[in-house]
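This is what each chain is made of:
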Amino acid sequence: MGKSGRLNARSWVRREGVRLVEGREKRLMVLDAALARGLADVEAGRFKPIEEVAARLKAKYAAMAKDGGK
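Everything in this summary refers to the structure shown in the same document. (Residues numbered from 1 in each chain as written. Predicted model: local features only at pLDDT ≥ 70, side-chain atom pairs only at ≥ 80, totals over all residues. Heavy atoms only, no water.)

Here we come to the overall build of the protein chain. A count of helices and strands for the protein chain gives two helices and zero strands. Computed over C-alpha atoms, the radius of gyration of the protein chain comes to 25 Å, more than 25% over the 11 Å expected from 2.2 N^0.38 for 70 residues, which places it beyond the range of a compact globule. Oriented by its inertia axes, the alpha-carbon framework of the protein chain measures out at about 70 × 40 × 15 Å. Put simply, the protein chain has 70 residues, and 0% of those count as buried. Of note, the protein chain has its 17 positive side-chain charges centred 11 Å away from the centre of its 9 negative side-chain charges. (Helix = DSSP H or I, 4+ residues; strand = E, 2+ residues; numbered from the N terminus. Rg over C-alpha atoms; globule rule 2.2 N^0.38 Å. Buried < 20%, exposed > 50% of the residue type's maximum accessible area, 1.4 Å probe, protein only. Lys, Arg positive; Asp, Glu negative; His and termini not counted. Charge placed at Lys NZ, Arg CZ, Asp CG, Glu CD.)

Encoded structure:
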């Protein structure tokens, strides 16, 4: 491989690295925003106790199992 081939490969690796880092940063920003929304909901009292949710899901899936999964 000639010198220009190595330079092209290095350039590609750098661009790919930057692209991957930018993608990760975008995903982290989305996650941070979702976390902030969730915490704001909790602080505003917009949540249900886990026991209530668990009981509802347990009843739902028990009924589904009884009906054959329909």
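On we go from here.
Oppositely charged side chains may form a pair once their charged atoms are brought near each other. Counted according to the given criterion, the structure contains two salt bridges. Between Arg19 and Glu16 there is a salt bridge, with its nearest N and O atoms 2.4 Å apart. Of this pair, Arg19 and Glu16 both sit in helix α1 (residues 3-43), three residues apart, roughly one helical turn. Glu16 sits in the partly exposed class, given a relative accessible area of 22%. Where Arg46 meets Asp41, a salt bridge forms, and the shortest distance between an N and an O atom there is 2.7 Å. (Salt bridge = Lys/Arg side-chain N within 4 Å of Asp/Glu carboxyl O.)

Because an α-helix completes one turn every 3.6 residues, residues spaced three or four positions apart along the sequence face the same direction. With 17 residues, helix α2 (residues 50-66) should cover 24 Å at 1.5 Å per step; its first-to-last C-alpha distance of 24 Å lies within 8% of that length. One or two residues past the end of α2 sits Gly68, with phi positive at roughly 80 degrees. (Expected span 1.5 Å × (residues − 1).)

Attention now goes to the environment of Val21. Within the fold, Val21 resides in helix α1. Taking the C-alpha atoms as reference, Val21 lies 22 Å from Ala36; in sequence the two are 15 residues apart.

The next thing to look at is the environment of Pro49. Residue placement: Pro49 occurs in the loop between α1 and α2. Note: C-alpha distance between Pro49 and Glu22 (27 residues apart in sequence) is 37 Å.

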